[in-house]
Each structure stands twice: as structure tokens, then as C-alpha cells.
Protein chains: 2
Amino acid sequence: MFENAEKTELSSLGEFGFIELIRGAFPLKLEQNIVGIGDDAAVIKPEEGKNILISTDTFVENVHFDIMYTPLKHLGYKTVVASVSDICAMNGKAHSVLISVSFSSKYTLEALEELFEGVRLACDKYSVDLVGGDTTTISKGLVVSVTVVGSANSEQIAKRSGANSGDLLCVTGDIGGAYMGLQLLEREKRVFLEHPEMQPDLQNHDYIVGRQLKPEARIDVVKWLNDSNIIPTSMIDISDGLASETLHLSKESDVAFAVHEEKLPVDQDTYNMAVEFGIDPTTAAMNGGEDFELLFTVDQKHYEELRNHPDITIIGYAREKSMKNQMISKQGNMYDLVAQGWKHF
Amino acid sequence: MFENAEKTELSSLGEFGFIELIRGAFPLKLEQNIVGIGDDAAVIKPEEGKNILISTDTFVENVHFDIMYTPLKHLGYKTVVASVSDICAMNGKAHSVLISVSFSSKYTLEALEELFEGVRLACDKYSVDLVGGDTTTISKGLVVSVTVVGSANSEQIAKRSGANSGDLLCVTGDIGGAYMGLQLLEREKRVFLEHPEMQPDLQNHDYIVGRQLKPEARIDVVKWLNDSNIIPTSMIDISDGLASETLHLSKESDVAFAVHEEKLPVDQDTYNMAVEFGIDPTTAAMNGGEDFELLFTVDQKHYEELRNHPDITIIGYAREKSMKNQMISKQGNMYDLVAQGWKHF
């Protein structure tokens, strides 16, 4: 991506030199993006009749990621994926990102190039252009803020509000994997810190480690929904955990949800690792974050189409608000869904 | 703005509680902004036939601001102003902002409320809605990232490129004031740290202190340009200093500029403080940043209209690229314009 491949202090390049480097590496590809990096603002031409969707997310070292086991290329990739996922959660299509990076002096030019190489891979994968951003120093650590811009027809937009009593509650892919991947990486980090001569034991856990370090956004499911003329009545992406996101849909839509434990899609590797850690796999599935799967409601008339989709699982349904948000266990017991707080507060 | 007025740990409120507080304090007012805080993305309805302008800026404690002399309300105000100024610099009108705040545990709920009170004041003043953002903790300091969204007709957009040889080079307001305000605040901070019993001597310097702590964006000039059917051939806002911004216009427009020292608009307070500090007032004007004035080029046919505008000064002109970017001193000597590097690298 970049020509320079040595250990280079960023000060030797300067802010404008660095911006020029990024600008050269990210030519605009989409017709929506008219002006990108190098002006006071990016210029985007809205698609005829569509609304603009925009969201911003900040990722802080040692809060959202640990440089010890997060390659910067993966970090760059993940920050874009998490942002694109927000546009998916509105049933829209992302087309532009802006990235602000604040970095301490421990980060060399090559480190930032690696970060932006991950950004570029995600931009290519998800067909979005990098159209702007900001770079600044900070006394300690690394902070990456990503703003994503997308679009959707107004009648197609899926908000968090809009679920109706009787709607089916669906989730894409499988859940809890990113959380168990994180547990594994954290364990191996502790082992390494105590016994630096030992190699981390990540063998046979590619799936959950990948879920944590290299998640993907469900543009495929959004495309399928659109192609199938199915508009979710409400939708959210799973960044804080299924329980927390379900409660968001409940609050904004003014309904309650029943979730069936036996329906929760949990991968075998996630399940095994949870058992190994002494964690209830259902807890990992309900409260583990960062899977970036979609949680949505649809009218019951779409039952057959959804039931036959290999990557969508119907896990419950919406009901009157006066009923509680509950999980129905495999044994038929009811448990109230509990909101996950802000862990890093 | 907020009802709670005590010293409150943010952990007692939680992420979602804090977001609800902000959401309640920032109802959407503009028709463009359809969905704001509280969903996966904001929804903006583009104005018929207009393009979207979008820019992002990050402000880091002890790099861009010093909490010792920057009230958080001013900081919140300034971050929005600086962002709105980027949209002005494209000759557009801002209508939405998204704000990401990363804060360490030293920041209480009340501190963040003060920050957002400043954001609200700027939103009211500049008629923009807060439509989204993110909040997260960080180990040290405060980082504020602002994304601003605006719009303009495509034929009205002023990029950095577009200046032609012979165009007039104009600047709004006066320059160097924010820089001299910063020098004064830094001096008084040093005095205070050495002699805590002494009061800071900011008397009679409201103007330059205000330029540093509470700058404004030139929406008035953008409106006048539009009302007068004058479209700048190129434009940029002055955040890094007149010399640096002139070089940006030069590079992107492929022309060179001649700047007349005697034309530089410098306020008397700025001038006096520069003399007091032993700084050449011209240096303050050419290299001082953060004035958020507009620097732009226009065709010579608009000479009379511009000459008569009380807040616009014609300071030079564009010429062939083969000539250098130079300042012509009051004595008639030529000095090459020098780029200001990235001071905080």
C-alpha cells in the first residue's frame, strides 16, 4: 500500500505529508463521493430520492482493543466493519467513511500504515471510500474515531422503533463467538505475561479468535432483505450483546420480547470454549458483544422466507409491553432480560 | 440544560443513561434531520438538488486545548464552531453535528454537562442539530471528535482548487488574534503555576482572549456571498495560519500567491500584545492559527463589491504557479511564504 517500509518517526513526514500519503492510497471509487481527502469537507452527491444515514464510533486503546493481541491491520479493518454495521442496522448501504486517528509517539509511520492498510481492506470489501478524517497526536495510546455515511430509501429504513406485537424476532449468523474469542485472547495474554517463554495456545480456535479480531458486517443479509422485499419493522446490530440490544428494541418500539433459549444460534467452538471457561454458553450468547450480527423484527407473514434462510434464526417474538422482556429457558423457565451496563465506566 | 447539578460519578448513570440525558437536551429542530440520537445511525433528508458536505475534527486535551484556562462550556462551543467553519469553507451551510467524547474518570457528569451546554449554545447559534455521537472512557484526558454535516448546491461549492491567475485573494475579519490570546493565556498560566497567589492579568484583553476561547464561524460572510451571487473560485478556513492556508490554496489550485503585508487585517489588541511579547505582528497574522476566518479567491470582476464589504479585506492576488508564493513587505521586499509544520508532532 505505502512505499516506505522502515521505522519512521511521523515527525519526519509531518501532518500534511501524512495526509498526502493517505490521500494517494485511497482514490475515490464510488460515484457518490465527489470530493474526498484534501479539502475542508468531503462532498457527497446523494442518490436520487434516498436519505443519508450517518453514524460515528470511537475506539480507544485498552478500552475497546488491546494492542498486545490486536494487530493494527485487524484494528483498522474492525473499526470500519463496526461502522458499516451501523448502516446495515438501518437497512441501508454504506458508501463513505471518515477516520480520525489520535496517536501517541510510540506509534511509528509504519504502525499507522498498517492500521490504514486494514482500513483499506475493509473499504475494498464493503465498497466504501475513505473521504476524510483527521490526524493528531495524543499523550498516550491510540484513539480511532470512524464516521460512516450511507443511504437508503426512506420507506426501507429500519429504525429501532417500529416493532409490533406479534412480530418475529430474528438474529443473523451466530452469537457469543466474539466474546469467547476475547476471553481466550485475554487468557493467553495473562499466560504470556507470566510465562513469556510459552507460546499462546490459539490452535483450533480460529473461528472465535476471528470473530473477535476480524468481524464482518452483514451487508449480505441487508441485500437479501431488500431483494426479497422484506422490510424489518425494527433493527439493531449486536455490539453490546443480544440482551442489551433486545431491550433497546423493546424500549424504542414499546413492545416486550420473548426469547427462546433453545433457538439461540451458538457455534460449536463458542459453546466448547464457554464450557472450558465455566461460562454458561447461553450467557455468552445473550451478553457477549461485538458479534456485529443483526437483530431485527419482521411481520409474521414473512415466516417461511425467514425460516428457510440459512443465516437467519427466528429466536422469539414481540408481545405487549405490559409483558416482560424474558428468556424462556430450555426447561421452560422464564428469566427477565437484564441490561448490560457500560462495562468500561 | 440538565436537571442534575451535583458532583456525580458518570458510572452511577451508565452509558445509556447519559445518552438519554443528551438526547432529551437536544431535540431535533431542522426538517433535514429526521432521526437523531438513539438509533444506529442518524437519518438526514438531503435538500433537493444539493450535495452533502461532511467533515470531522478531533480535539485532544493538552494538544488542542488546556483545561486550566479553557472552560468546558467554551470548549464545547469551540469544537462545534471549528466544525461549522469547515462547512463555511466549502461555501455551504451546516445543519447537523455528531459528537464523540472520550473522557477519563476525572470528568464528572457535571463536567460533561458543561461541555454539552457549550455544544448546545453553538448548535443554537449556528442552527445545527446534534444528531448523534458516541461516549466512551479513556485512561487519561479528554478527546472530542466532531463530525459536521452540511449542504450546498454543487455549482456553489468552493473547493481549495479552482483559483485562477489574476483572482483576488481575500480574508474575512482580522487575523492573529486567537494566537496572541493563546500566548497571553499561556503566560498567565505560567505565572499562576509559579505564583498561585497572583490573579491572572487578562484585563483589557477580552478581544484576543475571546478570539482564542470563543471563536465564531463566518456564516455571515457565506450568506453574503450567496446573496451577492459571488462564488469564490477557491476557499479554506484559517485553522493553521494564513501562510499555511495560502500554500494549500496554491498547491490545490496550481497558482502562486502574492500577499501584501500592509493589507493584513490585524486588530489593535492583537498588534499591541504581539509587540508586548516581542513577536512581529505580521508573524502573528501570517502564522497564528484558529482564527476561523475564511481565506478565498474571487474573480476580479467582484472587486468593487468586495472592497466595500466591511468584514472582507483584499490582501493579494493569484498569479502563475511559476512565480513563488510571497509576501511583499511594507518596505517592498519579497519573502517566500513558509509552511507551518505540524506543531504537535
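Everything numeric here is computed off the predicted structure, so don't read it as measured data.

## Observations concerning the overall build of chain A
A count of helices and strands for chain A gives 10 helices and 13 strands. Relative to its length of 345 residues, chain A is compact, with a C-alpha radius of gyration of 21 Å against a globular reference of 20 Å. Taken along its principal axes, the extent of the C-alpha atoms in chain A is 65 × 60 × 35 Å. Per-residue burial over chain A gives 59% buried out of 345 residues. Contacts spanning at least 24 positions in sequence make up 85% of the contacts within chain A whose residues lie at least 6 apart.

## Thoughts on the relation of the copies chain A and chain B
After a rotation of 180° and a shift along the axis of 0.0 Å, chain A superposes on chain B with an RMSD of 0.0 Å. Taken together, the turn and the small shift mark the pair as related by a two-fold rotation axis. Most of the interface of chain A is mirrored in chain B, where 100% of its interface residues again form contacts.

## A short note on the interface of chain A and chain B
Across the boundary between the two partners, chain A contributes 65 residues, which contact 65 residues of chain B. When chain A packs against chain B, the two sides together hide about 5300 Å² of surface, and 58% of this comes from carbon and sulfur. Between the two partners, chain A and chain B, sit 8 salt bridges. Here B:Arg160 makes a salt bridge to A:Asp40, at a shortest N to O gap of 3.3 Å. Where chain A meets chain B, there are 19 residue pairs in polar contact (both at pLDDT 80 or more).

## Here we look at the pattern of salt bridges
Taken as a whole and assessed by the stated rule, the structure comprises 52 salt bridges over all chains. Here A:Glu188 makes a salt bridge to A:Arg187, at a shortest N to O gap of 3.2 Å. Residue A:Arg187 is classed as partly exposed on the basis of its relative accessible area, which comes to 22%. B:Glu276 serves as the salt-bridge partner of B:Arg187, at 3.0 Å between the closest nitrogen and oxygen. With a gap of 89 residues between them, B:Arg187 in helix H4 (residues 177-194) and B:Glu276 in helix H8 (residues 268-277) connect regions that are remote in the sequence. Taking the relative accessible area as the measure of exposure, B:Glu276 reaches 49% and is therefore partly exposed.

## So, helix H2 (residues 72-88) of chain B
Counted at 1.5 Å a residue, the expected span for H2(B) with its 17 residues is 24 Å, and the 24 Å between its end C-alpha atoms agrees. Counting buried positions along H2(B) yields 15 of 17 residues, so the element is predominantly enclosed.

## Notes on the environment of B:Glu293
Residues and elements named next belong to chain B. By the secondary structure assignment, glutamate 293 is in the loop between helix H9 (281-287) and strand E10 (294-298). Look at glutamate 293 and you get buried, because its relative accessible area is 2%. Distance in space between the C-alpha atoms of glutamate 293 and glycine 133 is 27 Å, their sequence separation being 160 residues. Every residue in contact with glutamate 293, bar those within four places of it in the chain, is listed here: Val171, Thr172, Gly173, Asp174, Ile175, Arg211, Arg218, Ile236, Asp237 and Ile238. Reaching out from glutamate 293, the side chain makes a polar contact with the side chain of arginine 218 at a distance of 3.0 Å.

## Let's talk about the sheet that holds strand E1 (residues 33-35) of chain A
What the 6 strands build is an open sheet, ordered E1(A)-E2(A)-E3(B)-E6(B)-E4(B)-E5(B); its pairing is mixed. In this open sheet, the two edge strands, each paired with only one partner strand, are E1 of chain A together with strand E5 (129-137) of chain B. On average, each strand axis in the sheet is tilted by 20° relative to the strand beside it, whichever way the strands run. The sheet contact formed by strand E2 (residues 42-44) of chain A and strand E3 (residues 50-60) of chain B spans 3 bridges and is antiparallel. Pairing of A:Ile44 across the sheet is with B:Ile52, part of E3(B). With respect to the sheet, H2(B) is in contact with E3, strand E4 (93-103) and strand E6 (142-153) of chain B, its orientation differing from that of E6(B) by roughly 35°. Sitting on the sheet, helix H3 (residues 109-125) of chain B touches E4, E5 and E6 of chain B, and the angle it makes with E4(B) is about 170°.

## Quick notes on the packing of H4(B) against H8(B)
All names here are of chain B. At their nearest, the axes of H4 and H8 sit 9 Å apart, and the two run at 45° to each other. In terms of axis orientation, H4 runs oblique to H8. Handedness of the H4/H8 crossing: left-handed. Residues Gly177, Met180, Gln183, Leu184 and Arg187 of H4 pack against Thr270, Met273, Ala274, Glu276 and Phe277 of H8. Among the residues forming the contact of H4 with H8, the class breakdown is 5 nonpolar, 3 polar and 2 charged.

What counts and how
- Residues numbered from 1 in each chain as written.
- Chains lettered and ligands numbered in written order.
- Predicted model: local features only at pLDDT ≥ 70, side-chain atom pairs only at ≥ 80, totals over all residues.
- Heavy atoms only, no water.
- Helix = DSSP H or I, 4+ residues; strand = E, 2+ residues; numbered from the N terminus.
- Rg over C-alpha atoms; globule rule 2.2 N^0.38 Å.
- Buried < 20%, exposed > 50% of the residue type's maximum accessible area, 1.4 Å probe, protein only.
- Contact = heavy atoms within 4.5 Å.
- Least-squares fit on C-alpha atoms with pLDDT ≥ 70 in both.
- Buried area = accessible area lost by both parts, 1.4 Å probe.
- Salt bridge = Lys/Arg side-chain N within 4 Å of Asp/Glu carboxyl O.
- Polar contact = N/O pair within 3.5 Å; in protein donor to acceptor, adjacent residues only side chain to side chain.
- Expected span 1.5 Å × (residues − 1).
- Pairing = 2+ DSSP bridges.
- Axes fitted to C-alpha atoms, helices over the stretch in contact; angles between N-to-C directions.
- Parallel < 35°, antiparallel > 145°, perpendicular 65-115°, else oblique.
- Left-handed = near helix turned anticlockwise from the far one by under 90°.
- Nonpolar A, V, L, I, M, F, W, Y, C, P; charged D, E, K, R; others polar.

Coordinates in, geometry out; function isn't part of it.
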